[in-house]
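Single-letter residue listing:
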Amino acid sequence: MADKPTKGLADVVAASTALSDIDGKAGRLFYRGYDIHDLAGRTTFEETAHLLQRGKLPTRAELAAYIDELHDGRALGALVSHNIPEIASKQKPMEALRSLVSLAGADDPDKDSIAPDANLRKAARLTAQQPLLVAQYHAARTGKDAPPEPDPSLSIAGNFLLQVTGRVPSRREAELFDTCLVLHADHTMNASTFAARVCAATLSDMHSAIVAAIGTLKGPLHGGANEQVMKTLESISPGNVAQAVREKLDAHEKIMGFGHRVYKTEDPRATHLRRMSAELAESTGDDTYYRMSKEMEEVVFETKGLYPNVDFYAASVYHYLGIPTDLFTPVFSISRMSGWTAHVIEQHADNRLIRPDSEYIGERDQKWKPIDER
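The structure reproduced in this document is the subject of the present report. Owing to the predicted nature of the structure, the values given are computational and were not obtained by experimental measurement. For every chain, the first residue of its written sequence is number 1, and the numbers climb from 1 along that sequence. The predicted origin of the model limits local features to residues at a pLDDT of at least 70 and limits the giving and counting of side-chain atom pairs to 80 or more, whereas totals for whole chains, interfaces and linings rest on all residues. Side-chain metrics in this entry use all non-hydrogen atoms of the structure; hydrogen atoms and water are not considered.

The next point concerns the overall build of the protein chain. Helix and strand definitions here come from DSSP, where helices need a minimum of 4 consecutive H or I residues and strands a minimum of 2 consecutive E residues; each element is numbered from the N-terminal end. Along its length, the protein chain carries 16 helices and 3 strands. Both definitions apply: the radius of gyration is a C-alpha atom measure, and the globule rule equals 2.2 Å times residues to the power 0.38. Relative to the 2.2 N^0.38 estimate, which gives 21 Å for 374 residues, the radius of gyration of the protein chain is 22 Å and therefore close to what a compact globule would have. Structurally, the protein chain occupies a C-alpha span of about 75 × 55 × 45 Å along its principal axes. Here a residue-residue contact requires only that any non-hydrogen atoms of the pair lie within 4.5 Å. Pairs at least 24 residues apart make up 74% of the contacts formed inside the protein chain by residues separated by at least 6 positions. For the protein chain, the separation between the mean place of its 43 positive charges and that of its 52 negative charges on side chains is 4 Å. Counting rule applied: Lys, Arg positive; Asp, Glu negative; His and chain ends not counted. For this purpose, a charge sits on NZ of Lys, CZ of Arg, CG of Asp or CD of Glu.

Structure follows, in structure tokens:
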């Protein structure tokens, strides 16, 4: 008798990759062999995107050339620009991004090619355009014609904070948000990455694969946890955290931001985000949400033995940086665009159609009857 299928494809190896790796028992994450603890706070998001998409950490000259390419590819095409106001009036953030990335594909000069060079150019454009799409969407839905113009002296992280909050971020704020983007850049065969690779494996184009990834990230079991963490914090009185958490757990309600399907110890990304939340709490003079998060972490661990994951402290970090709560998942997509596009490049470079089997559990040997006899 054949083995029963693994529910949810847990522990099934679906592809070979050189992009990222996880040691769940030790709580370690690697990008192309580099430990995330060595990259976070030391390597910029632009360097990390270059590492994932082009296979190596860049030299100064290579980084300068890549940043120039990002700047040149940032401008949005006519079709996507024209449609942002109407989409912003009718769609929620992740729905809007799904639509806008699809339209951006029609504007892309390499839209009809999946050749290696074309894929590299599209990966850079998508990485450069995603933060602008989020900012343009946010401006349109709040009644503004456009966000502030990007500042060529700022990084992707700095410009996003400028365009969404309307003020030039401090150097430290930009650095911390840049680290957030590095921490979220890739994470092996998660649901959205798998969706992108399945699409790419049909030899579909990169924009189509990214739309598949965004549609997958939109689901609350994948993206959106950091937004739910913030909503939970906002719904609890600062002096009632322990009781509120225990009541939720006693009612068998899930506390978002805890536990991970892969990590058996603390998510290494959470280690950095906790420290960043504490720093921002001190610098803003309001440690309410950091203190609440720490207390919630202690209660959940004491009660359930669960560690926080990447989403938990990301919520308070983004809040302290002035990012609207319903843009937390779109921010995830800004970062993960570097990883998604790298996976599409990798899939196209050594492709085989991804076509798993299934176990049939329906009726057998049914006998057909004419419609009047049914």
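Here Asp186 lies in the loop between helix H8 (171-183) and helix H9 (191-201). Although Asp186 lies buried, it forms no salt bridge, and the closest oppositely charged side chain, Arg336, sits 4.9 Å away as judged by the N-O distance. Of note is the side chain of Asp186, whose polar atom sits 2.6 Å from the side chain of Ser20. Burial classes: relative accessible area under 20% of the type maximum marks a residue as buried, over 50% as exposed, and values in between as partly exposed (1.4 Å probe, protein chains only). Counted as salt bridges are all cases of a side-chain nitrogen of Lys or Arg within 4 Å of a carboxyl oxygen of Asp or Glu. Contacts described as polar in this section are N or O atom pairs within 3.5 Å, which, within protein, must combine one atom able to donate a hydrogen with one able to accept it, while residues neighboring in sequence count only if both atoms come from side chains.

This part covers the pairing of strand S1 (residues 20-23). Burial along S1 is one-sided: Ser20 and Ile22 are buried, while Asp21 and Asp23, pointing the other way, are not. Two strands pair under a simple rule: DSSP has to find at least two bridges between them. The antiparallel hairpin formed by S1 and strand S2 (residues 28-31) contains 4 residues in its connecting segment, where Gly27 sits at a positive phi of about 70°.

The relative placement of two packed helices is expressed as an angle between their axes plus a distance between the axes. Every axis corresponds to a line fitted to the C-alpha atoms, with the helix fit spanning only the stretch in contact, and the corresponding angles, defined between N-to-C directions, vary from 0 to 180 degrees. Two numbers describe how helix H4 (residues 78-90) lies on helix H5 (residues 93-107): the axes approach to 8 Å, and their chain directions differ by 160°. By the angle between their directions, the pair H4 and H5 is classed as roughly antiparallel. Considering the relative orientation of H4 and H5, their crossing is right-handed. Across the interface between the two elements, Ala78, Leu79, Val80, Asn83, Ile84 and Ile87 of H4 pack against Ala96, Ser99, Leu100, Leu103, Ala104, Ala106 and Asp107 of H5. Roughly parallel refers to an angle under 35 degrees, roughly antiparallel to one over 145, roughly perpendicular to one between 65 and 115, and oblique to any angle outside these ranges. Take the far helix as your reference; a near helix turned counterclockwise from it by less than a right angle gives a left-handed crossing, and one turned clockwise gives a right-handed crossing.

What follows deals with the sheet that holds S2. Each strand in a sheet pairs with its neighbour through backbone hydrogen bonds, running either in the same direction (parallel) or in the opposite one (antiparallel). On the basis of which strands lie adjacent, the open sheet formed by 3 strands has the order S1-S2-S3 and antiparallel pairing. In this open sheet, the two edge strands, each paired with only one partner strand, are S1 and strand S3 (34-35).

Attention now goes to the pairing of S2. In this sheet, S2 lies alongside S1 in antiparallel orientation, the contact comprising 4 bridges. Looking at the pairing, Ile22 lines up with Leu29 of S2. Two strands pair when backbone bridges link them, and S2 and S3 are joined in this way by 2 bridges, in the antiparallel orientation. Each bridged residue has a counterpart across the sheet, and for Tyr31 the counterpart in S3 is Tyr34. Between S2 and the antiparallel strand that follows it, S3, lie 2 residues; Arg32 among them carries a positive phi value of about 45°.

The next subject is the packing of aromatic side chains. Any pair of Phe, Tyr and Trp rings, taking the six-membered ring for Trp, is counted once the centres come within 6.5 Å. Such a pair is stacked with planes under 30 degrees apart, edge-to-face with planes over 60 apart, and tilted for the rest. Taken as a whole and assessed by the stated rule, the structure comprises 7 aromatic pairs. Where Tyr290 meets Tyr313, the ring centres are 6.4 Å apart and the plane angle is 45°; that geometry is what we call tilted. On the criterion of sequence distance, the pair formed by Tyr290 in helix H14 (residues 288-304) and Tyr313 in helix H15 (residues 310-320) is long-range, its members being 23 residues apart. The burial state of Tyr290 is the same as that of Tyr313; both residues are buried. Put simply, the rings of Phe160, Phe177, Tyr318 and Phe328 touch in pairs and so form one group of aromatic residues.

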